[in-house]
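Below are the chains, spelled out letter by letter.
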Amino acid sequence: MPQISHRAEILPASPIRKLVPYADAARQRGTHVYHLNIGQPDIETPQTFWDAIRNVDMKVVAYSHSAGNLGLRKGIAKYYNRIGHDIASDDVLVTTGASEALQFILGATLNPGDEIIVPEPFYANYLGFAGLIDAKVVPLTTRIEDSFALPDAEAFKQLITPRTRAILICNPGNPTGIIYPQETLELLRDIVLEHDLFLISDEVYREFAYDGYVHRSVLGLEGLEDHAIVTDSISKRFSACGARIGAVITRNQTLMGAILKMAQARLSPPGLGQLGAEALYQLPPTYFDSIAAEYSARRDLLLERLRAIPGVTVPRVNGAFYAMVQLPVDDTDEFCRWMLESFSYKGATVMMAPGAGFYATPGLGKNEVRVAYVLNQQDLYEAMECLGEGIIAYQKMKSLAQHAAGQPT
Ligand code: PLP
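Treat the numbers as computed from the prediction; the structure is a model and nothing was measured. Residue indices follow the written sequence of each chain, beginning from 1 at its first position. Restriction of local features to residues with pLDDT of at least 70 applies here, the model being predicted, together with a cutoff of 80 or more for giving and counting side-chain atom pairs; totals for whole chains, interfaces and linings are based on all residues. For the side-chain quantities, the full set of heavy atoms in the structure was used; hydrogens and water were omitted.

### Digging into the overall build of the protein
Helix and strand counts for the protein come out as 13 helices and 12 strands. Taking 22 Å as the expected radius of gyration for a compact globule of 409 residues, we find that the protein reaches 22 Å, a close match to that expectation. When the backbone C-alpha atoms are referred to their principal axes, the protein occupies close to 70 × 55 × 55 Å. Here's how the labels work: a residue is buried when its accessible area is under 20% of the maximum for its type, exposed when over 50%, partly exposed in between, all with a 1.4 Å probe on protein chains only. The 409 residues of the protein split such that 53% are buried. Here the Shrake-Rupley method, with its probe set to 1.4 Å, supplies the accessible areas, and only the displayed protein chains count as covering residues. Roughly 17,900 Å² of accessible area belongs to the protein as shown, and the carbon and sulfur atoms make up 52% of that amount. Helix and strand assignments come from DSSP, with helices taken as H or I runs of at least 4 residues and strands as E runs of at least 2, each series counted from the N terminus. With C-alpha atoms as the basis for the radius of gyration, the globule rule is written as 2.2 Å multiplied by the number of residues raised to the power 0.38.

### Some words on the site of the ligand
In the vicinity of the ligand there are 13 residues, among which Ala98, Ser99, Asp202, Tyr205 and Ser233 approach most closely. Here a polar contact is recorded for every N or O atom pair within 3.5 Å, except that within protein the pair must consist of a potential hydrogen donor and a potential acceptor, and residues adjacent in sequence are included only if both atoms are side-chain atoms. Contacts to the ligand include serine 99, whose side-chain N or O atom sits 2.6 Å from an oxygen atom. At 2.6 Å, a side-chain N or O of aspartate 202 approaches a nitrogen atom of the ligand. For the ligand, whose unbound accessible area comes to 390 Å², protein coverage reaches 94%. Here the shell around the ligand takes three residues from helix 5 (residues 97-109), the largest share from any one element. For the shell around the ligand, the per-class residue count stands at five nonpolar, five polar and three charged. It suffices for a single heavy atom of a residue to lie within 4 Å of a molecule or strand for the residue to be listed as near it. In this classification, Asp, Glu, Lys and Arg are treated as charged, Ala, Val, Leu, Ile, Met, Phe, Trp, Tyr, Cys and Pro as nonpolar, and every other residue, Gly included, as polar.

### Things to note about the side chain of serine 217
Residue placement: serine 217 occurs in the loop between strand 6 (198-202) and strand 7 (228-233). Given a relative accessible area of 7%, serine 217 falls into the buried group. Reaching out from serine 217, the side chain makes a polar contact with the side chain of glutamate 203 at a distance of 2.9 Å. A distance of 3.0 Å separates a polar side-chain atom of serine 217 from the backbone nitrogen of leucine 219. Among residues more than four places away in sequence, those in contact with serine 217 are His85, Leu185, Glu203 and Val230. Throughout, a residue-residue contact means that at least one pair of heavy atoms, one from each residue, lies within 4.5 Å.

### Some words on the packing of aromatic side chains
Side-chain rings of Phe, Tyr and Trp, where Trp is taken by its six-membered ring, are said to pair if the distance between their centres is within 6.5 Å; with planes under 30 degrees apart they count as stacked, over 60 as edge-to-face, and otherwise as tilted. On inspection of all chains with the given rule, the structure shows 20 aromatic pairs. With a centroid separation of 6.0 Å and 70 degrees between ring planes, the pair formed by tyrosine 205 and phenylalanine 208 is classed as edge-to-face. Taken as a pair, tyrosine 205 and phenylalanine 208 share a single burial class, namely buried. A network of ring pairs unites the aromatic residues Tyr79, Tyr80, Tyr205, Phe208, Phe238, Tyr281, Tyr287, Phe288, Tyr295, Phe321 and Tyr322 as a single cluster. By definition, being over a ring means that NZ of Lys or CZ of Arg is both within 6 Å of the ring centre and within 35 degrees of the ring normal. When the ring centre of tyrosine 295 is taken as origin, the NZ or CZ atom of arginine 298, which lies over that ring, is 5.0 Å away.

### Let's talk about the pairing of strand 3 (residues 115-120)
Most of strand 3 sits out of view: six of its six residues are buried. Residues Glu115, Ile117 and Pro119 point to one face of strand 3 and Ile116, Val118 and Glu120 to the other, with burial holding for every one of them. When DSSP finds two or more bridges between a pair of strands, those strands are recorded as paired. Across six bridges, the pairing between strand 3 and strand 4 (residues 136-141) is parallel. From the neighbouring strand, valine 118 faces strand 4, where its bridge partner is proline 139. If you view a crossover with the strands going away from you and the path from the first strand over the helix to the second runs clockwise, you call it right-handed. Read from strand 3 through helix 6 (residues 125-132) to strand 4, the crossover connection turns out right-handed. In terms of strand pairing, strand 3 meets strand 5 (residues 164-170) through three bridges, oriented parallel. Of the residues in strand 5, the one forming a bridge with isoleucine 117 is isoleucine 167.

### Some words on the pairing of strand 10 (residues 348-351)
In strand 10, alternate side chains face the same way, and those of Ala348 and Val350 on one face and Thr349 and Met351 on the other are all buried. Note that strand 1 (residues 32-35) and strand 10 share four bridges and pair parallel. In the strand pairing of strand 10, histidine 35 is matched with methionine 351.

### A look at the environment of threonine 164
Assignment of secondary structure puts threonine 164 in strand 5. A relative accessible area of 3% means that threonine 164 is categorised as buried. Spatially, the C-alpha atom of threonine 164 lies 9.2 Å from that of lysine 136, the residues being 28 residues apart in sequence. Leaving out residues up to four positions away in the same chain, threonine 164 has contacts with Glu115, Ile117, Leu159 and Leu197. At 2.8 Å, the side chain of threonine 164 forms a polar contact with the backbone nitrogen of threonine 161.

### Some remarks on the sheet that holds strand 11 (residues 353-354)
Read across the sheet, three strands follow the order 9-12-11 without closing on themselves; strand pairing throughout is antiparallel. A single partner strand is all that each edge strand has here, and the edge strands are strand 9 (322-326) and strand 11. Where strand 9 meets strand 12 (residues 368-372), five bridges bridge the pair, whose relative direction is antiparallel. Bridging across to strand 12, methionine 324 finds its partner in arginine 370.

What follows is the structure in structure tokens.
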């Protein structure tokens, strides 16, 4: 058989999706699976999206402009103007989700062997995107005890080498739920200016900010016009993950020109998705109020129920819809699989994403899981009850196994 590439061979499997076969098997056995592993919101996509697609007067689903339809780019620029950023349609390029935006951004800023500093735990697919272009993710470890706050500038500077090209942050954070304060963004600005690096900010969860926390974009940092790059998406903002519409936003026109060449190579972003997205960007800003309130209530419920489980640690979570949770087990890869393969409570089990896949440093995150609170409050309550029972049963099973192993035969 011909050899597959080394690059493909070493690409890690997504911790978010790798347990899917076990969840499928559980469902086939008749067990209900609470999906807390994936950031698929259950909120309905706004009607305006469906109306735009149903009422379209189109005879051919044609390719669009490689940078995206001008109407959508103008709509996105207007959205940025509304939240206080001087962005023009030329500063926006529409992509097939934030996923493609990230691939383009990394492809246009990193050469093979170049390094990008990413605070860990991070959105696991960053490793895949960097791996596709043979670039190296250099992790900067943040800790659950500090609610995953970024360390001081010195910690960054120690990681900077002649191969460093960029720093990538996710704000609000997936998987940490952190929202970076202005001081942190300014610290990052000073570092990237001093070392002439790009500052890439994944802001797909921008509106998911609770407790009065205000999300601030790197686009608002003065002096970073050539350095700041934002990746954005309608997936979470408008609960439209399957429309596959994202965007790159940067005022650096040289970089935008390079990204446009990549966009031309893949021809165009999804046509029908763009139609729906253009309608979504016309929704009033109040659209998000009830959604933020719902997620905030889910977050409260999740944290309260998790903290009631003995041995579980959850940090402060102010944004996005995830929490990294420390469990009283040694290996969450094994535990999450066991939950799907061997456990059920009241006919159900819980699927979570094992924590190690969100770290690049070997050995970290082994007793953590990422939980996505994308279920309604009743289901979330039941899922937490199921998880609590699962932990007790798992600990019992482990201690029986250890006891048996220690018995003289
Ligand atoms: N960035 C982050 C932090 C995400 O959580 C996700 C999806 O979960 C993406 C990017 C990819 O988003 P999209 O659906 O727009 O490709």
